[in-house]
Amino acid sequence: MSDSSPDRPAAPVLDIWCELQCPDCRSALDDVRALRARYGDRLELRLRHFPLEKHKHAFAAAQAAEEAAEQGQGWPYVEAVLGRVEELDRKGEPVLVEVARELGLDAEEFDTALIDGRHILIVDADQAEGKAIGVTGTPTYVIDGERLDGGKSQEGLRERIEEIADRLLAERSA
């Protein structure tokens, strides 16, 4: 899932390897919001799915996020689900459809997407790519080839991402 549009010139990319049942990813939301506010369209933030086996609803949540993106509400959906991590733990997949309904999305289509698995390949591809580059937990950030692991601590990560993004933007405008 990406913030970019095809008409926009290439911006530096920040891949955010995330899992929607992960409390650490919920904690990272403030940093993600701050980066989106600071850079806007100048930095492309891409949510990459990395559902962890220990969270039984994470794979379905990743598929649901893709459906939300297809319906034009990717980031609002991700933020809403991350805000309800404990509820997702307790109640499972009905929470995913409930969030879609609350955001005004086509909840019936969400339910169908979860049943027919139309987004499984995207989630599988993200997870495979994450494993290939050494992602082991979430959140993990990758910008300009540098992997920053936020699963242990968010301390200093936003500043490091900003340093790299600022350097990349300066290089593009030079």
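Before any of the text, the structure's been laid out above.
What counts, and where the lines are drawn
- Residues numbered from 1 in each chain as written.
- Predicted model: local features only at pLDDT ≥ 70, side-chain atom pairs only at ≥ 80, totals over all residues.
- Heavy atoms only, no water.
- Phe/Tyr/Trp six-rings, centres within 6.5 Å; stacked < 30°, edge-to-face > 60°.
- Helix = DSSP H or I, 4+ residues; strand = E, 2+ residues; numbered from the N terminus.
- Buried < 20%, exposed > 50% of the residue type's maximum accessible area, 1.4 Å probe, protein only.
- Salt bridge = Lys/Arg side-chain N within 4 Å of Asp/Glu carboxyl O.
- Core = buried A, V, L, I, M, F, W, Y, C linked by side-chain atoms within 4.5 Å.
- Contact = heavy atoms within 4.5 Å.
- Pairing = 2+ DSSP bridges.
- Axes fitted to C-alpha atoms, helices over the stretch in contact; angles between N-to-C directions.

Chemist: Got a sec to walk through the packing of aromatic side chains? Specific residues and values, please.
Modeler: For the coordinates displayed, the defined rule picks out one aromatic pair. Judged by centre distance (5.2 Å) and plane angle (40 degrees), the ring pair of Tyr77 and Phe110 falls under tilted. Highlighted residues: Tyr77 in helix α3 (residues 74-82) and Phe110 in helix α6 (residues 107-116), separated in sequence by 33 residues. One exposure class covers both Tyr77 and Phe110, and it is buried.

Chemist: I'd like a description of the pattern of salt bridges, backed by residues and values.
Modeler: If you walk through the whole model with that rule in mind, you get 23 salt bridges. Across the pair Glu129 and Arg48 runs a salt bridge whose closest N-O atoms are separated by 2.6 Å. In this pair, Glu129 is assigned in helix α7 (residues 120-132) and Arg48 in strand β2 (residues 44-49), connecting sequence segments 81 residues apart. Glu129 gets classed as partly exposed once you look at its relative accessible area, which sits at 36%. Connected through shared salt-bridge partners, Asp15, Arg46, Arg48, Asp126 and Glu129 make up one network.

Chemist: Could you give an account of the nonpolar core, naming the residues involved and the relevant values?
Modeler: Within the largest apolar cluster, 44 residues are counted, with the highest numbers of intra-cluster contacts made by Leu14, Tyr77 and Leu96. When neighbours within four sequence positions are excluded, Leu96 is seen to be in contact with Ala60, Ala61, Ala64, Tyr77, Val81, Leu88, Phe110 and Leu114.

Chemist: Explain the sheet that holds strand β3 (residues 140-143) residue by residue, including any values.
Modeler: Taking strand neighbours across the sheet as the criterion, the four strands line up as β2-β1-β3-β4 in an open arrangement whose pairing is mixed. If you trace the sheet from one side to the other, it starts and ends with β2 and β4 (146-149), each paired once. Mean inter-strand twist for the sheet, computed between neighbouring axes without regard to direction, equals 20 degrees. As judged from the four bridges shared by strand β1 (residues 13-18) and β3, these two strands associate in the antiparallel manner. Within β3, the residue paired with Asp15 across the bridge is Val142. Each of β1, β2 and β3 touches helix α1 (residues 23-39); the most contacted strand, β1, lies at about 165 degrees to it.

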